[in-house]
Structures are given as structure tokens and as C-alpha cells.
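Survey of secondary and tertiary structure
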Amino acid sequence: MIDLTAHMTASQMAPVFGIAGLAGQLVWPLFRKRGSILITQLAAACCFGTSYALMGQQTGAAVCLTGAMQTTVALLAGDRPWLSRMGYVFLPAVLAIGALTWSGLPTLFAVTACCLVMVARLQADTLRMRRVQLTAAPFGMAHDTLIGAWPCLAAALLSFGIAASAYRRELILRGVAAQAA
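Everything numeric here is computed off the predicted structure, so don't read it as measured data.

Some remarks on the environment of A93
Along the polypeptide, A93 turns up in helix α5 (residues 90-100). Owing to a relative accessible area of 30%, A93 belongs among the partly exposed residues under this scheme.

Have a look at this one:
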């Protein structure tokens, strides 16, 4: 009976962490500085990882937490290119996690989304970073749809719209700056 109660409590907490991740996911596209974007993504990844873990979704939890570690390295790297390249070490780890926790299409979508986001975080240019992250969104949305992670899916859908607007804003600002120069 104690195990059942613990499971029910954990399951009820999954949406809470998903909603906290949603908040971070909605905010990061609004930032203009790479550091602010990464810090907010770190918080969101930890929340989503916890939500997935509470749902019993091993792949989603593991790739989110691996992504959080990679984000931490990207933040610590700053302007040191040799340290920022260390972020590539996490890509094989995500592939290994996918192989070890294989559960079909959800795993494939989670691993693909995570790898694309990881590659995006390694971009020094925020425009390139946003562009690659936008390509990851459909894979993350497919994963969340398949496993029924509705707060995470809502976050992905809303942040995709905000991120696309932020990407467009940055394109326009760069175009205006280029014309002024």
C-alpha cells in the first residue's frame, strides 16, 4: 500500500514540474543574451527531466538531465572555445542513453530533439542557435504527444511560437543594422 501511495503522489507531481518547465520554456526565447537563454533552458530542462522521471519515462528524463549538464558546460565555457567544444562529448552519451532505454518512437524523437538542442547550445551566434533549436521542436513535440506529457507539449508549442517570433525579430534587427552600416 505504501508503494501505491508513493506512486500516486509522484504521478500527481509530474504535471507540477511540467508546468514549471513550461514557465521556463515560455521565457527563454524572449531573452537576447546567450547566457540568459542558457540559464533559463537549464532550469526548464531540470523541471522537464523531473516531470518525465515522475511519469516513469526514462529516456525523456535521462536526455533532459544530460542536456542540463551540457548546458552547464556551455555556460561555464563562456568565450573559451576549447571548453565550449566539450559540449560535443554529450552527444554520444545521449545516443547511448537512447540505446539503453529504447522504447520505440518516443525514444527516437527524444534523442533527436535533445541532440539538435545540444548542437544549438554550442553555437556562439544567437541567430544560429535559435535556428537549430527551432528544428528540434517538432521532434520534442512528437515525443511529448506519444507519451502524453501534456504540460511539456504545451510548453513546446508555445515556446516554438515565441522562439519563431524572436528569431524573426533578430533577423530584422540584424538586417536593419547591416543596412545602417
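Some points on the nonpolar core
In this structure, V63, V73, F90, L91, V94, I97, A110, V111, C114, C115 and M118 together form the largest nonpolar core, which totals eleven residues. Secondary structure elements with two or more residues in this core: α3 (58-77), α5 and α6 (105-121). Looking at this core element by element, the count peaks at five residues for α6. Apart from the residues within four sequence positions on either side, C115 is in contact with L91, V94 and L95. Core analysis: the second largest hydrophobic core is formed by ten residues, L22, F48, C64 and A155 among them.

Describing a nonpolar patch on the surface
A cluster of nonpolar side chains, W102, L105, L108 and L146, forms an exposed patch at the surface whose accessible area comes to about 430 Å². The residue L105 is located in helix α6 in this model.

Description of the environment of L75
Note that L75 resides in helix α3. Between the C-alpha atom of L75 and that of L42, which follows or precedes it by 33 residues, the distance is 9.6 Å. Look past the residues within four positions of L75 in its chain and what remains in contact with it is G35, L38, I39 and L42.

Thoughts on the confidence of the model for the protein
The pLDDT averaged across the protein works out to 85; a share of 93% of its residues lies at or above 70. Low pLDDT, under 50, characterises residues 1-9; the predicted model gives this stretch zero contacts beyond four residues in sequence or across chains.

Here's the deal with the packing of helix α2 (residues 34-54) against α3
Contact geometry of α2 with α3 gives a least axis separation of 8 Å together with a crossing angle of 160°. Taken as axis vectors, α2 and α3 run roughly antiparallel relative to one another. Where α2 crosses over α3, the two elements pack in a sense that is left-handed. Facing R34, G35, L38, I39, L42, A45, C46, F48, G49, Y52 and A53 of α2, the residues of α3 in contact are G60, A61, C64, L65, A68, T71, T72, A74 and L75.

Let's talk about the packing of aromatic side chains
Scanning all chains against the criterion turns up one aromatic pair. Look at F109 and F139: their rings are 6.5 Å apart centre to centre, the planes differ by 40°, and that puts the pair in the tilted class. Residue F109 is located in helix α6, and its partner F139 is located in helix α7 (residues 126-147); the two are separated by 30 residues in the primary sequence. On the basis of relative accessibility, which here comes to 30%, the residue F139 falls in the partly exposed class.

Calculation notes
Residues numbered from 1 in each chain as written. Predicted model: local features only at pLDDT ≥ 70, side-chain atom pairs only at ≥ 80, totals over all residues. Heavy atoms only, no water. Helix = DSSP H or I, 4+ residues; strand = E, 2+ residues; numbered from the N terminus. Buried < 20%, exposed > 50% of the residue type's maximum accessible area, 1.4 Å probe, protein only. Core = buried A, V, L, I, M, F, W, Y, C linked by side-chain atoms within 4.5 Å. Contact = heavy atoms within 4.5 Å. Patch = residues over 30% accessible without salt bridge, like charges linked within 9 Å, V, L, I, M, F, W, Y side chains within 5 Å. Areas by Shrake-Rupley, 256 points an atom, 1.4 Å probe, with all protein chains shown as cover. Salt bridge = Lys/Arg side-chain N within 4 Å of Asp/Glu carboxyl O. pLDDT = per-residue confidence, 0-100. Axes fitted to C-alpha atoms, helices over the stretch in contact; angles between N-to-C directions. Parallel < 35°, antiparallel > 145°, perpendicular 65-115°, else oblique. Left-handed = near helix turned anticlockwise from the far one by under 90°. Phe/Tyr/Trp six-rings, centres within 6.5 Å; stacked < 30°, edge-to-face > 60°.

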